[in-house]
Structures are given as structure tokens and as C-alpha cells.
Amino acid sequence: MSKISRDEVAHLAGLARLAVTEAELDTFAGQLDQILDAVAKVGQVAADDIPPTSHAVPVTNVFREDEVRPGLTREQALAAAPAAEEDRFRVPRILTEEA
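Residues numbered from 1 in each chain as written. Predicted model: local features only at pLDDT ≥ 70, side-chain atom pairs only at ≥ 80, totals over all residues. Heavy atoms only, no water.

S.K.: Help me understand the overall build of the protein, please; the structure alone is not making it clear to me.
M.R.: In terms of helices and strands, the protein carries 3 helices and 2 strands. Listing each helix as α and each strand as β along the protein from the N terminus yields α-α-α-β-β. Since a compact globule built from 99 residues should have a radius of gyration of about 13 Å, the 29 Å found for the protein marks it as more spread out than a globular shape. Overall size of the protein, expressed as C-alpha extent along the three principal axes, is 75 × 50 × 20 Å. Here the protein holds 99 residues, and the buried ones make up 8% of them. For the protein, the accessible area works out to roughly 9,800 Å², and carbon and sulfur atoms hold 58% of it. Charge-centre separation for the protein: the mean point of 10 positive side chains lies 7 Å from the mean point of 18 negative side chains. (Helix = DSSP H or I, 4+ residues; strand = E, 2+ residues; numbered from the N terminus. Rg over C-alpha atoms; globule rule 2.2 N^0.38 Å. Buried < 20%, exposed > 50% of the residue type's maximum accessible area, 1.4 Å probe, protein only. Areas by Shrake-Rupley, 256 points an atom, 1.4 Å probe, with all protein chains shown as cover. Lys, Arg positive; Asp, Glu negative; His and termini not counted. Charge placed at Lys NZ, Arg CZ, Asp CG, Glu CD.)

S.K.: Could you clarify how one ought to interpret the packing of helix H1 (residues 6-15) against helix H2 (residues 22-45) in this entry?
M.R.: In a pair of packed helices, the angle between the axes and the distance between the axes together describe the arrangement. In contact at an axis separation of 9 Å, H1 and H2 are set at 100° when each is read in the N-to-C sense. If you check the angle between H1 and H2, you find them roughly perpendicular. Here Arg6, Val9, Ala10 and Leu12 of H1 come into contact with H2, specifically with Glu22, Leu25, Asp26, Phe28, Ala29 and Leu32. The residue inventory of the contact of H1 with H2, partitioned by class, reads 7 nonpolar, no polar and 3 charged. (Axes fitted to C-alpha atoms, helices over the stretch in contact; angles between N-to-C directions. Parallel < 35°, antiparallel > 145°, perpendicular 65-115°, else oblique. Contact = heavy atoms within 4.5 Å. Nonpolar A, V, L, I, M, F, W, Y, C, P; charged D, E, K, R; others polar.)

S.K.: Hey, could you run me through the pattern of salt bridges in this one?
M.R.: A pair can form between side chains of opposite charge whenever their charged atoms are brought close. Taken as a whole and assessed by the stated rule, the structure comprises 6 salt bridges. Of the charged contacts, one joins Asp37 and Lys3 as a salt bridge, the two residues approaching to 2.2 Å between their closest N and O atoms. Separated by 34 residues along the polypeptide, Asp37 in helix H2 and Lys3 in the segment before H1 bring together distant segments of the chain. Judged by relative accessible area, Lys3 falls into the partly exposed class, the value being 47%. Bridged by salt links that share partners, the residues Arg6, Glu22 and Asp26 form one connected network. (Salt bridge = Lys/Arg side-chain N within 4 Å of Asp/Glu carboxyl O.)

S.K.: Can you walk me through the environment of Ala56 in this structure?
M.R.: Tracing the backbone through its elements, the reader meets Ala56 in the loop between H2 and helix H3 (74-79). Taking the C-alpha atoms as reference, Ala56 lies 51 Å from Asp87; in sequence the two are 31 residues apart.

S.K.: How do you make sense of H2 when you look at a structure like this?
M.R.: Residues three or four positions apart in an α-helix share a direction because the helix packs 3.6 residues into each turn. For H2, spanning 24 residues, the distance from its first C-alpha to its last is 36 Å, which sits close to the expected 34 Å at 1.5 Å a residue. Taken as a whole, H2 has its buried residues at Leu25, Ala29 and Asp33. Against the buried residues of H2 lie H1. (Expected span 1.5 Å × (residues − 1).)

Here it is in C-alpha cells:
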């Protein structure tokens, strides 16, 4: 027996603002039934004694440790800038105040 009716498919199509034909209603109803069956099978397999997992294999952190290193001074950074103003980089305006 079908779990989703043509009327429900038409309602969903309306919510999604999709124009569907009468033939597509039958096709989509069958496809949505298959999707609901697949989801139901997954629900049957899931058990309380199986912990949720995010990865099938163990994952370890591959990032390096944080270490403080010297960086550029403000003067050194601004020396390479095409334009600077008030100890900051000066960039061209790309937005206007008009809406």
C-alpha cells in the first residue's frame, strides 16, 4: 500500500512551488514511497546499544601544535602596502551609501 498519496504529493509540490503534471504525481508518489521505505529500514537497524558514530574508522588530529612565532611589526606590514592611512591599509571604496 502506498504510504504517500497523490494529494500529498500535489500538496508538497505546491509548497515547493513546483508545477507537476498528473503523470508526474504518480511517478513522484512512487519515488517518495521508496525513499520512505529506505528511511524506515535505517530506523529498524538503529539500536540503542549501538553508539552513534561520525566516522567509520578512528580519526586523529593531524594539526600541528600552536606555537608563538614572531610576526611583522605594524611598520613592516604597512611598508608593503600600496596605500596606508592612520596606521591602517587604505583600500578603494567598493560600496556606496545609495540603496
